[in-house]
Amino acid sequence: MKTEALEVLRNRRAIRKYKPDQITQEELGAVLEAGTFAPTGAGTQGVQIVAVQTPAYVERVKALNAQILGKPGMDPYYGAPTVVLVFETAKCFTHGMDGAAVCTNMVNAAYAAGLGSCWIHRCAQMFETEEGKALLREWGLPEDLTGVASLALGYADCEHPKAAPRKEGYAIIV
Ligand SMILES: Cc1cc2nc3c(=O)[nH]c(=O)nc-3n(C[C@H](O)[C@H](O)[C@H](O)COP(=O)(O)O)c2cc1C
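Residues numbered from 1 in each chain as written. Predicted model: local features only at pLDDT ≥ 70, side-chain atom pairs only at ≥ 80, totals over all residues. Heavy atoms only, no water.

> Tell me about the overall build of the protein chain, and name the residues and values.
Of regular secondary structure, the protein chain possesses six helices and four strands. Along its sequence from the N terminus, the protein chain presents helices and strands in the succession α-α-β-α-β-α-β-α-α-β. Scaling as 2.2 N^0.38, a compact globule of 174 residues should have a C-alpha radius of gyration of about 16 Å, and the protein chain matches this with 16 Å. Taking the principal axes of its C-alpha atoms as reference, the protein chain extends roughly 45 × 40 × 35 Å. By the burial criterion, 42% of the 174 residues in the protein chain qualify as buried. (Helix = DSSP H or I, 4+ residues; strand = E, 2+ residues; numbered from the N terminus. Rg over C-alpha atoms; globule rule 2.2 N^0.38 Å. Buried < 20%, exposed > 50% of the residue type's maximum accessible area, 1.4 Å probe, protein only.)

> Describe in detail the site of the ligand, supporting the description with residues and values.
All residues adjacent to the ligand are Arg12, Arg13, Ala14, Arg16, Tyr78, Cys118, Trp119, Ile120, His121 and Arg122. Within the side chain of Arg12, a nitrogen or oxygen atom sits 2.9 Å from an oxygen atom of the ligand. Take Ala14: an N or O atom from its main chain is 2.7 Å from an oxygen atom of the ligand. Coverage of the ligand by the protein chains reaches 59% of its 620 Å² of free accessible surface. Class assignment of the residues belonging to the shell around the ligand gives a composition of five nonpolar, one polar and four charged. (Near = heavy atom within 4 Å. Polar contact = N/O pair within 3.5 Å; in protein donor to acceptor, adjacent residues only side chain to side chain. Areas by Shrake-Rupley, 256 points an atom, 1.4 Å probe, with all protein chains shown as cover. Nonpolar A, V, L, I, M, F, W, Y, C, P; charged D, E, K, R; others polar.)

> How would you summarise the packing of helix α2 (residues 25–36) against helix α4 (residues 97–112) if you had to cite specific residues and measurements?
Where α2 contacts α4, the two axes come as close as 7 Å, and the packing angle between them is 150 degrees. Note on packing geometry: the crossing formed by α2 with α4 is right-handed. Every residue of α4 that contacts α2 at Ala30, Val31, Leu32, Ala34 and Gly35 is listed here: Val102, Asn105, Met106, Ala109 and Ala110. Of the residues contributing to the contact of α2 with α4, the split by class is eight nonpolar, two polar and no charged. (Axes fitted to C-alpha atoms, helices over the stretch in contact; angles between N-to-C directions. Left-handed = near helix turned anticlockwise from the far one by under 90°. Contact = heavy atoms within 4.5 Å.)

> Go over a nonpolar patch on the surface, please, and point to the residues and values.
Residues Met1, Leu6 and Leu9 make up a contiguous nonpolar surface patch of about 370 Å² in total accessible area. Counting through the fold element by element, Met1 comes out in the segment before α1 (3–11). Met1 gets classed as exposed once you look at its relative accessible area, which sits at 88%. (Patch = residues over 30% accessible without salt bridge, like charges linked within 9 Å, V, L, I, M, F, W, Y side chains within 5 Å. Salt bridge = Lys/Arg side-chain N within 4 Å of Asp/Glu carboxyl O.)

> So what's going on with the pattern of salt bridges? Which residues, and what values?
As enumerated under the stated definition, the model contains five salt bridges in all. In this structure, the salt-bridge partner of Asp75 is Lys62, at a minimum N-O distance of 3.0 Å. Here Lys62 lies in helix α3 (residues 55–69) and Asp75 lies in the loop between α3 and β2 (82–88), a separation of 13 residues in the sequence. For Asp75, a relative accessible area of 25% translates into the label partly exposed. Across the salt bridge formed by Glu143 and Arg137, the nearest N and O atoms sit 3.0 Å from each other. Judged by its relative accessible area of 45%, Arg137 is partly exposed.

> Pulling in residues and values, what's your account of the nonpolar core?
Counting residues in each nonpolar core, the largest one holds 22 residues, and the members touching the most others are Val61, Leu85 and Phe127. Every element with two or more residues in this core is listed here: β1 (47–52), α3, β2, β3 (116–120), α5 (123–126) and α6 (130–138). Residue contacts for Phe127: discarding those within four places in its chain leaves Leu85, Phe87, Gly132, Lys133, Leu135, Leu136 and Trp139. Grouped together as the second largest cluster of nonpolar side chains are 20 residues, Val31, Val86, Ala110 and Val148 included. (Core = buried A, V, L, I, M, F, W, Y, C linked by side-chain atoms within 4.5 Å.)

> Run through the confidence of the model for the protein chain, naming residues and quoting values.
Looking at the protein chain as a whole, the pLDDT averages 97, with 100% of positions reaching at least 70. Summarising per-element confidence for the protein chain, the mean pLDDT is lowest in α1 (96) and highest in β2 (99). (pLDDT = per-residue confidence, 0-100.)

> How would you summarise α4 if you had to cite specific residues and measurements?
In an α-helix there are 3.6 residues to a turn, and that puts residues three or four apart on one side. With 16 residues, α4 should reach 22 Å at 1.5 Å per residue; the first-to-last C-alpha distance of 23 Å fits that figure. Every buried residue of α4 is listed here: Asp98, Gly99, Ala101, Val102, Cys103, Met106, Val107, Asn108, Ala109 and Ala110. Along its buried surface, α4 packs onto α1, α2, β1, β2, β3 and β4 (146–154). Remark: Gly114 follows α4 within two positions and exhibits a positive phi of approximately 85 degrees. (Expected span 1.5 Å × (residues − 1).)

Right under this line is the structure:
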């Protein structure tokens, strides 16, 4: 049994307070690579990952998410210096699932690499807006990408949260 990997899967938690310090390229690379090795339906690799680190783009992404949330001025990424966006392309036919698998690999890899992360919602709505399409154009990406999810990524600036108790009968064996 790869007990170290199982410990990572058990102990990763959503982090909701980050230090402003940027993560290293090595740490980011490890997270992104883990995303690219996630399973995808029929192995299509129809997912596009975008790591946002340029401060002006980070601010625009945060503002866009806050706008969808209906809380302008709020930072839905909890001060994280890196935001990772996950999109699906038209090539992808197992919609939602491929992107979610990529996100799951990345949050677990982040914890294994000593980083904090938090899965953040509203990516689909963000990239249906004019501002979202403008960002895609500026990044040289097709405008028909579908947002799946985004991740806050950085160094945790809080105690490691405790997991909620697991519900009775979560998994059964038949
Ligand atoms: C699909 C999905 C959407 C989520 N969206 C948000 C979000 O927008 N903001 C947030 O703070 N956490 C978000 N989370 C994180 C969950 O709240 C968190 O994973 C859950 O409370 C369990 O905590 P844990 O990850 O520490 O085990 C999301 C998680 C998932 C899987």
